[in-house]
Amino acid sequence: MSGVDDIPKSVAGLPNTSPRYIGQPVERLEDPALLTGRTQFIDDVVLPRMLHCAILRSPHAHARIVAVDTSEAAKLPGVVAVVTGEDAKRWSNPTMTVPPGWGTHCLATDKARFVGEPVAAVAAVSRYVAEDALELIGVEYESLPAVADARKALEPGSPLLFEEHGHNVMLQKVFTWGDVDAAFASAVHVVQQQFRWNRLGANPLETFGVVSEWDVVDGTLTCRGSFQAQNHFAMARAMVFNLPLNKVRFISHPHGGSFGGKGGARGTDITALLSRKAGGRPVKWIEDRMEYLAGGASQAWDRHYDAAIALDTNGKVTGFKVKLLDDLGATAEGWGAVSAAKPLTNFTGCYAIPAAQYDLTIVATNKLPGSPYRGMGPPPHNWVLEQLMDLAARKLAFDPAEIRRRNFIPPEAFPYTIASGNEYDSGDYRAALETALEMADYPALRAEQLRLRSEGRYVGIGLVNTIEPGVFDWNAYAIVGQPGTGVPEGATVAIDLFGKLTIKVGFALEGQGQYTVAAQVLADYFAVDIADVRVVALDTLSAPPHFGPGGSRLGVALTGAVLGAAQRLTEKLIAVAAVLFQTTPEHVELRNGMIGVKGMPEAQMPFQQVAQTMLARSDLLPPGIDPNPESTFVWTAPGRTPADDQGRAKSYLTAANACHIVLVEVDIETAQVHIKKYWIADDCGTRLNPANVEGQTQGGVAQGVGAALLEEAVYDEDAQLRTSTFMDYLLPTIYEVPMTEKRALCTPSPFTPLGAKGCGEGAMHTTPAAILCAINDALAPLGVALFEVPASPQRIWTLLQGAAPR
Amino acid sequence: MTTTRRIGMTVNGERHEAEVEVRTTLVDFLRGTLGLTGTHVGCEHGVCGACTVLWNGKAVRSCIMLAVQADGAEVKTVEGLADGATLHPIQQAFLEKHGLQCGFCTPGFMMSIHELLTRTSAPTDDEIVDTLGGHICRCTGYQAIVEAVHLAVEKMRASK
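Residues numbered from 1 in each chain as written. Chains lettered and ligands numbered in written order. Predicted model: local features only at pLDDT ≥ 70, side-chain atom pairs only at ≥ 80, totals over all residues.

Draft legend 1. Geometry of the interface of chain B and chain A. With 41 residues of chain B at the contact, the number on the chain A side is 40 residues. The set of elements that each furnish at least two residues to the side of chain B that touches chain A consists of helix 2 (89-96), helix 3 (106-119), helix 4 (125-132) and helix 5 (143-158) of chain B. Considering only residue class, the side of chain B that touches chain A consists of 21 nonpolar, 14 polar and 6 charged. (Contact = placed C-beta atoms within 7 Å. Helix = DSSP H or I, 4+ residues; strand = E, 2+ residues; numbered from the N terminus. Nonpolar A, V, L, I, M, F, W, Y, C, P; charged D, E, K, R; others polar.)

What follows is the structure in structure tokens.
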């Protein structure tokens, strides 16, 4: 039987001499339903006797819960069930966390640890009635001192999130790779800087939603919802409710974006408890935007950095040290700690830096638990490294492009193992840089900058290169306590009686166009029209092992799964066709959609005909032959290794790279930043659907603009949230996002199906660093620089007050 | 608290009458009472634009408008854009230009663009930006949406 090594690493390896779809900007199969409003998002689901949930949340950042009185709420006509922390304690376990031991129940039991933490919930005949009922619930709180600042949370005497630990430190470890002390001791130059990245987060336009149904007779739980990784959430619920995994069924619906955090564990658990208490009636909860901003998966990357690079006389970086204090918020329930681990996969960026150190502390505070967000940790890390490169360039009087040229991993060095242990598959970083410089007409751009400066205008150029680690692996997160190596993704390919193809997968639409990519790949494999391929999603109990989108992996993993399944199906077809052709299987092949005898062009029949024979002419089949024209393949990245004691592993399979150049102007009267021009040279190997890739890139630029200039979840010193609407938490609009000029480069991955690399996190890895470096380039004549994100007008204005007189 | 009122409105050319609680928002009425779930709720406070529908030809946020305010009105939603199996030129342009990813914000964008292109067949770049500026898309970074608007303008001009 064929396996992962048989999957073609280029389009030329397909059994089709004229593929029509792979590499083309194919229109998306998912779009007609989306454009006509027919796609069924979770809030569109209506089930018989369905109830609606509303959740009462803590207004305090830290408070003991003395009493909860739900008697009046329960009496309100239309209310069917009410749950509190007592129900959660009786019927569920605290959620599992990474690192372990820092989790709570879905409803606060003894105390509330952050503003927005669920305290009680109601199921009623409408959301309106459920929200009325919340006003009738009485909660007696005893306010406790709160800690909002990670540095203060480390001090003795700080309020404790979990008293049983005796401190707020979730994880503290120093990872050392190579002789970093020697590198700094012998350095000719050292550049050191502190950085502050403030909290921001995913904010998909659709918030999380779920409909849970607890069958109280047969003890099963069915949850429909916008789950990014349905099996992951199903597994966690089985653990929370002490249920066998096969009694938990998750059905993921198409969702309106995710960017890392879609899943809503607490809301799922709360609706499950309400359904159980309501005798099994389905209970729907749709998170509203304020709930999302205060209590959802809306915040990530709350970081204090102190970092340095060591350089020799030639500007070659010999060592890189990062000390990170990562504020994960009230619990570790949201997998946010993984974001502190992922920088190991691209720690030293595009550069050949032999020694590095990561001094990592993850601390708990009374803020919302951190969640994943697109990029999953490296975007702030990349900013730190790229800004240090710029500072070094200024110190050594190099152009920012030149210092990067001197440090790139050369193209002939691949596959290349970086100091922190991951292996980069391929790339040509110099080519990306030179392409971007040419696109921007860099010398002219610098001349223009000088000219504008002479007119008293402060324009800056940002030029950065980054790696986008693709095809995530659990082993990358071993240092924060995540078990496992390998992330299986399965697909089933079936041919029906009428000769059409169906691909069955374990994930719902999310926006990246994955169903279209799967159909492109299969249509080219069997040389059929793409309209003959349909892609359907299965639930957790019927799909093959799966994870779904995440960590820039699905395009690669799904291509592997579809091609692997197609190859296994072809073997079945060949076995049957060999009987029909009165020969043996080794003489039969698939070629351009026909199953035929090798070397005999006329001895062939359409592959569909072989499948039809299997399904409808058992009289022609020999005994013992498999009559099912359907095959499944579960792809997982080959060659992954478990992490060693310093966290080193072959983890993410691919390393895409990009160079961004941006021109910004800082208006020193209003302290606003205007992005004037933006160029991107991007290499993610084979582009399966270039329009999809461009969309991912441009979408990443937009989120990068938000990160650099606008987005910040603000808490006051009492840990009270100040940004609970889109009037306070600012998302980028068309007024802020630049229309970019993009050029594609291609160094195919030598390791992946068709040579594709992960590209889903797009420009989020690069854009924040590019813009922030550009702002500091603009401010350089004033003798000031900003090392805090976002670069809001208020921050820049404050900085300008201390600037050199103009 | 639960005062009700009988209202009537024409939605996508079809007349509807219903008894509604006066506190019911227009978007909840369209989605919940009429089952027109193509209009989406993104923020429920009038910022993101996902819930945009046409109210007597004008693009409005149906999440911050009450159903009773639309009593007697002509309302158009995304379900009213296509002509049977034929996509509206705006929908077709979004399809061809990859002007959407998750598609959640898209109905709202298309209704505002529909209002713009009903008002003028030759919008300026500034008019296009100002129309899209009232909407948030978290996926696309807007570039493909701008391209889709230009293509829709061409398509609508050609069909006249």
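Draft legend 2. Representation of the nonpolar core. Residues and elements named next belong to chain A. Core analysis: the biggest nonpolar cluster contains 318 residues, and Ala337, Leu522 and Val562 have the highest contact counts within it. Here this core takes 14 residues from helix 16 (residues 554-580), the largest share from any one element. Not counting residues within four places of it along the chain, the set of residues in contact with Val562 comprises Ala491, Val493, Ile503, Ala518, Val521 and Leu522. (Core = buried A, V, L, I, M, F, W, Y, C linked by C-beta atoms within 7 Å. Buried ≥ 20, exposed ≤ 12 C-beta atoms within 10 Å, placed from the backbone.)

Draft legend 3. Examining helix 3 of chain B more closely. Here helix 3 of chain B spans 20 Å end to end across 14 residues, near enough to the 20 Å set by a 1.5 Å rise per residue. In terms of burial, helix 3 of chain B is a largely internal element, 11 of the 14 residues being buried. Regarding helix 3 of chain B, the residues found buried are Thr106, Pro107, Gly108, Phe109, Met110, Met111, Ser112, Ile113, His114, Leu116 and Leu117 of chain B. Against the buried residues of helix 3 of chain B lie helix 1 (31-35) of chain A together with strand 3 (52-55), strand 4 (58-61), helix 2, helix 4 and helix 5 of chain B. (Expected span 1.5 Å × (residues − 1).)

Draft legend 4. Molecular detail of the pairing of strand 4 of chain B. All names here are of chain B. In this structure, strand 3 lies alongside strand 4, joined through 4 bridges in antiparallel fashion. When the sheet's bridge partners are listed, Val53 is paired in strand 4 with Val60. The hairpin turn running from strand 3 into strand 4, its antiparallel successor, is 2 residues long, and Asn56 in that turn takes a positive phi close to 50°. (Pairing = 2+ DSSP bridges.)

Draft legend 5. Representation of the packing of helix 7 (residues 230-240) of chain A against helix 8 (residues 265-277) of chain A. Residues and elements named next belong to chain A. Relative orientation of the contacting elements helix 7 and helix 8 amounts to 50°, with a least axis distance of 11 Å. Taken together, the axis directions place helix 7 and helix 8 in an arrangement best described as oblique. As helix 7 runs across helix 8, the sense of the crossing is right-handed. Contact residues: helix 7 offers Phe233, Ala236, Arg237 and Val240, while helix 8 offers Ala265, Thr268 and Asp269. Of the residues contributing to the contact of helix 7 with helix 8, the split by class is 4 nonpolar, 1 polar and 2 charged. (Axes fitted to C-alpha atoms, helices over the stretch in contact; angles between N-to-C directions. Parallel < 35°, antiparallel > 145°, perpendicular 65-115°, else oblique. Left-handed = near helix turned anticlockwise from the far one by under 90°.)

Nothing here speaks to function; it is all geometry.
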